[in-house]
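# Structural features, examined
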Amino acid sequence: MSADGILHQLPDRDPDETAEWIDSLNAVNDRHGPTRAKFILGRLLEHAGELGLSTPTVTTPYLNTIPTEAEDWFPGDEDIERRIRSFIRWNAVAMVVRANRAAEGIGGHLSTFASSAALYDVGFNHFFRGKETGTPGDHVYFQGHAAPGIYARAFLEGRLVESQLDRFRQEIRRPGEIAPGLSSYPHPRLMPDFWEFPTVSMGLGPINSIYHARFNRYLDNRRIDDTAASRVWCFLGDGECDEPETLGSISLAGREGLDNLTWVVNCNLQRLDGPVRGNGKIIQELEGVFRGAGWNVIKVIWGGKWDALLDRDVDGVLVDRMNSTLDGQFQRYAVESGAYIREHFFGPHTRLRKIVEDLSDAELEALPRGGHDYRKLYAAYKQATETTGRPTVILAKTVKGWTLGDDVESRNATHQIKKMSPAQLTTLRDRLYLGDVLTDQDLEADDPPYLRMPEGSAEHQYLIDRRRALGGPLPSRRVEVRRPLQLPEPSAFSELLIGSGAQPASTTTAFTRLLRNLARDPAVGSRIVPIVPDEARTFGMDALFRELKIYAAQGQKYEPVDHHLLLSYAESSDGQILEEGITEAGGLASWTAAATSYATRGVPMIPFFIFYSMFGFQRVGDLIWAAADARARGFLLGATAGRTTLMGEGLQHQDGHSHVLASTVPACRAYDPAFAYEMAIIVHDGIDTMYAKGLDVFYYLTLYNENYPMPPMPPDREPAEVARGVIDGLYAWAGSPIDRRHATVVFSGTAWRAAMEARQLLADTYGIGVELWSATSYKTLREEAMVVERWNRLHPSQAPQVPMVTQKLAAAAGPIVAVSDFMRMVPDQIARWVPGRFMSLGTDGFGRSDTREALRRHFETDGAHVAIAVLSQLLAEGSVTANLVTDAIQRFGVDPELAAPWAI
Ligand SMILES: Cc1ncc(C[n+]2csc(CCOP(=O)(O)OP(=O)(O)O)c2C)c(N)n1
Ligand SMILES: [Mg+2]
């Protein structure tokens, strides 16, 4: 350890005494060498810890954290467990190999599970709690591409049948088949009774698991659900730790003392292309990072056979060698012979060589790594589950492709190997001691057979008994409501339906009001989960701090600077608001935990995650996609939306495309409301759709910060009819101001104002009558139209149906101009179903910082440009002259020679 510099800034009260200590260390170093010196230092630091003096140590020697003598006694039957594991290993391989013989190029992974089989098995046999005891059990995040091993176990348990295994990665149901095939990876969307957590986009499982554990605490602290008996386990790869999402939030877990969270990092030292840290030591690096973040770190590096060698290492030469050997070299040792290992690992040092002189080459080659030793793993898991006040990470060293034979094990290409020849299968069979159940002939057949355990056999009984004792099989996704949710009273929404009178308001402030009403609602209030990433003040939501309180596991231990204010920053251990700080990824992960709680815990919650719309789909789109896969139900609110409504902030802040990105997520219902009543109707419908009807969709609403008097629902029409229009995505909002109707402007969001202005300009200047329609959701309109279009395509002999958007707009006057604060692509989603002429205006191009007025002129979405667009459409249909349009362009001060706003 080098001095970190901080010490030198402190006064030295007794330099002579300090020098004495340093001299002593120098003497040890000179006389007995660095190993001994480090040992003394380590003991001193350890002792300092015992004295309560904090120590700066972040890494420990390259040894198992739990000494052999402190290991818990392994309670399982080793032989039976090894046999079960061999069957599982074999079937996982057979499944991938058979799938790739049946469907060339279908893919799958052999090596990842081969390296982690023991990591899972110890969990399944001794730790993971199931759901059959009436509790939600543990929440286990499986490493995505270890899926074959998880299916292989489910097969032995009788939960999957051979025909399903044979259809690994062939999920499209063939005619006559009862069940579709198995998903490539954990996808609850595709296997909703099996998988719970999507994990295969690397980094997302880890961050979601942290916020999930945190959300369980939240449920507990708020007395909504007792989560004490549920542990969150996350299995991840060492390569996966390079993803910023993986390590980005670990300090939250440390800070909040999440001892209900255990991570198991499969440190096989390899990722897809090659070594994770060829020139370094990933386990040591991770140890330092996690310890620094306040985690309990358990290293499981060496298998039991190393214990005797370490006992002989009286002068620390072996530890020294372990400490100084780089991962790239360890990978090499994994593929080399015992003779090579003797020569190169032990060889150069006579004392080191002596330690292994009585071991044969074969024995040297078979010295296993800790991650394949279930006793060591059991001890680590035991300690992890008994550790209080901190989350635990288990860093387990393994061999990638373990047991798969020389051609596969530890090879740089191992990750992608998915085929095995009969000879390779024979080696695997022998390595797994499966000669009694697999003959040579079996292996020469086209497909390697699956192994089954006869019911009543000791192994089968053990397998079933273990899971029964632990509460049933996993993974298993169930939607069984344990604590039902009551729907809110309609009164929570009603004040927003009547408008704001002369009082200007924005859809954001209206939303805050609605959120407060919902949180106050006696029926549903406690289930509302407001989530913000350090932007509550921006959205005018700070008023909620005092009333709903910010969730803080430890309460508020200080007196806040603004304690005397009505809107003080109030934290509480039963606070309702999740104030995540500046992490949209963390906010989204919290939202996902809350949005899937109806299934993971049987406790439906209604999360509202409100964020800067620019930093939503664009920044954490992959997490949103994973939430959609996980069948999330809840609300995402993209606030400060629009490329021109958020003035002053400029290029990197102004969102004119989140609705384009939202349109790509199948389970997302995306809305761009203009008025408070539209927003309230959408939220009400969303709660009904997701929580009463139980559809696995979620809602995205854009909210703006522009204030204008919020109109009431159009008074001349049935409220139910207006509400239907808002939900369907389009409705007529106001007629022409004069007694003629020439054209229609369809607006969304704040572009309503430009539409109004254009309508007035055209009436006043040219006597042209324009009616206004509100488009709340182009995505909804498009999806309905695609359904109709498809039906027509596949039913050629029946009368064609007409898409809803076409039917609606058939009643609209003249040509149609659509305008929103988003890119033209958003309204263009419906272009081919619009009857008659259609033109869209929008905010294509990079944002700029300026006033709304200037920005709308720049993007050509202001009243003048909308009016000109209407006139140009009337010109195209021959109802006005070119001179009139030219007159308007001049009159409204538009320069026709300027470059387009999206020009680069
Ligand atoms: C975000 C993302 N990027 C890339 C991939 C492709 N990929 C799948 S597995 C893998 C390597 C995984 O290495 P590691 O995390 O060490 O897992 P191991 O298989 O070694 O246990 C990669 C790059 C992915 N699934 N997700
Ligand atoms: Mg790896």
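One can find the structure itself at the top, above this paragraph.
Let us look at the structure shown here. Just so we're clear, the structure is a prediction, and the values are computed from it rather than from any experiment. (Residues numbered from 1 in each chain as written. Chains lettered and ligands numbered in written order. Predicted model: local features only at pLDDT ≥ 70, side-chain atom pairs only at ≥ 80, totals over all residues. Heavy atoms only, no water.)

### A closer look at the sheet that holds strand E12 (residues 635-639)
Taken in spatial order, the six strands line up as E10-E7-E11-E12-E14-E13 in an open sheet, and their pairing is parallel. The open sheet has two edge strands with one neighbour each: strand E10 (578-579) and strand E13 (668-671). Two elements, strand E7 (residues 528-532) and strand E11 (residues 606-612), share four bridges in a ladder whose sense is parallel. Bridged to Pro530 within E11 is Phe608. (Pairing = 2+ DSSP bridges. Helix = DSSP H or I, 4+ residues; strand = E, 2+ residues; numbered from the N terminus.)

### Focus on the packing of helix H3 (residues 78-102) against helix H18 (residues 422-431)
At a closest axis distance of 11 Å, the pairing of H3 and H18 adopts a crossing angle of 165°. Judged on the interaxial angle alone, H18 and H3 are roughly antiparallel. Read as a crossing pair, H3 and H18 show a hand that is left-handed. Contact with H3, carried on its side by Trp90, Val93 and Arg101, involves Leu425, Leu428 and Arg429 of H18 and no other residues of that element. The residue makeup of the contact of H3 with H18, split by class, is four nonpolar, no polar and two charged. (Axes fitted to C-alpha atoms, helices over the stretch in contact; angles between N-to-C directions. Parallel < 35°, antiparallel > 145°, perpendicular 65-115°, else oblique. Left-handed = near helix turned anticlockwise from the far one by under 90°. Contact = heavy atoms within 4.5 Å. Nonpolar A, V, L, I, M, F, W, Y, C, P; charged D, E, K, R; others polar.)

### A word on the site of ligand 1
Surrounding ligand 1, one finds 18 residues, the nearest of these being Thr112, Gln143, Asp238, Gly239 and Lys400. Protein burial of ligand 1: of its 590 Å² of free accessible surface, 75% is covered by the chains. (Near = heavy atom within 4 Å. Areas by Shrake-Rupley, 256 points an atom, 1.4 Å probe, with all protein chains shown as cover.)

### Comments concerning empty space enclosed by the protein
Under the definition given, this model contains six cavities of 30 Å³ or more. Tyr141, Glu196, Phe197, Pro198, Asn208, His212, Ala589, Thr592, Ala593, Thr596, Thr600 and Ala630 are the residues that line the largest cavity. For the lining of the largest cavity, the secondary-structure elements that each account for two or more residues are helix H7 (204-221) and helix H24 (584-595). Top element by residues in the lining of the largest cavity is H24. It accounts for three residues. When its residues are assigned to classes, the lining of the largest cavity shows six nonpolar, five polar and one charged. (1 Å grid on protein atoms, 1.4 Å probe; cavity = no way out; pocket = protein on both sides within 12 Å on 5 of 7 lines; lining within 4 Å. Points joined across faces, edges and corners; volume = space filled by probe spheres on them.)

### A look at the side chain of His659
Relative to the elements of secondary structure, His659 occurs in helix H27 (residues 658-662). The exposure class of His659 is buried, given its relative accessible area of 5%. Reaching out from His659, the side chain makes a polar contact with the backbone oxygen of Tyr671 at a distance of 3.5 Å. Engagement of the side chain of His659 in a polar contact is seen with the side chain of Thr702, the distance being 2.8 Å. In this view, His659 contacts Ala670, Tyr671, Asp672, Tyr700, Thr702, Phe822 and Val826; residues no more than four positions away in its chain are not counted. (Buried < 20%, exposed > 50% of the residue type's maximum accessible area, 1.4 Å probe, protein only. Polar contact = N/O pair within 3.5 Å; in protein donor to acceptor, adjacent residues only side chain to side chain.)

### Focus on the nonpolar core
Ranked by size, the top nonpolar core spans 85 residues in total, and within it Ile210, Trp263, Trp295, Phe346 and Trp591 carry the most contacts. Considering every element that reaches this core, the biggest residue donor is H7, with eight residues. What Phe346 contacts, discounting residues up to four positions off in sequence, is Trp306, Leu309, Leu318, Ile341, Leu352, Arg353, Val356 and Leu364. Core analysis: the second largest hydrophobic core is formed by 83 residues, Phe511, Ala639, Val683 and Val894 among them. (Core = buried A, V, L, I, M, F, W, Y, C linked by side-chain atoms within 4.5 Å.)

### Focus on the packing of aromatic side chains
In the structure shown here, the tally under the stated rule is 54 aromatic pairs. Residues Trp306 and Phe345 carry aromatic rings whose centres are separated by 6.2 Å and whose planes lie at 85° to one another, so their mutual orientation is edge-to-face. Taken as a pair, Trp306 in helix H11 (residues 306-311) and Phe345 in helix H14 (residues 338-346) lie far apart in primary sequence, 39 residues in all. Each member of the pair, Trp306 together with Phe345, is buried. Both rings, one in Phe611 and one in Tyr700, keep their centres 6.5 Å apart while their planes meet at 10°; by these two values the pair is stacked. Highlighted residues: Phe611 in strand E11 and Tyr700 in strand E14 (residues 698-702), separated in sequence by 89 residues. The residues Phe611 and Tyr700 share a single accessibility class, namely buried. When the ring centre of Tyr185 is taken as origin, the NZ or CZ atom of Arg169, which lies over that ring, is 5.0 Å away. Positioned above the aromatic ring of Phe330, the side-chain terminus of Lys397 is 3.3 Å from the ring centre. (Phe/Tyr/Trp six-rings, centres within 6.5 Å; stacked < 30°, edge-to-face > 60°. Lys NZ or Arg CZ within 6 Å of the ring centre and 35° of its normal.)

### Description of a nonpolar patch on the surface
Residues Trp21, Ile22 and Leu44 make up a contiguous nonpolar surface patch of roughly 330 Å² in combined accessible area. Structurally, Ile22 can be placed in helix H1 (residues 15-32). (Patch = residues over 30% accessible without salt bridge, like charges linked within 9 Å, V, L, I, M, F, W, Y side chains within 5 Å. Salt bridge = Lys/Arg side-chain N within 4 Å of Asp/Glu carboxyl O.)

### Things to note about the layout of surface pockets
By volume, the second largest pocket amounts to about 1200 Å³. If you go around the second largest pocket, you meet 41 residues; those closest to its centre are Ala366, Leu367, Pro368, Trp402 and Arg431. Breaking the lining of the second largest pocket down by element, the ones donating at least two residues are H3, helix H13 (327-335), H14, helix H16 (361-365), helix H17 (374-386) and H18.

### What about the pairing of strand E2 (residues 232-237)?
Of all six residues making up E2, six are buried, and the element is well covered by its neighbours. The side-chain alternation of E2 yields two buried faces, one formed by Val232, Cys234 and Leu236 and the other by Trp233, Phe235 and Gly237. When strand E1 (residues 139-141) meets E2, the two strands line up parallel, connected through three bridges. The residue bridging His139 from the neighbouring strand is Val232, located in E2. With six bridges joining them, E2 and strand E3 (residues 261-267) adopt parallel strand pairing. The partner of Cys234 across the bridge, within E3, is Trp263.

Everything listed is a geometric property; what it means functionally is a separate question.
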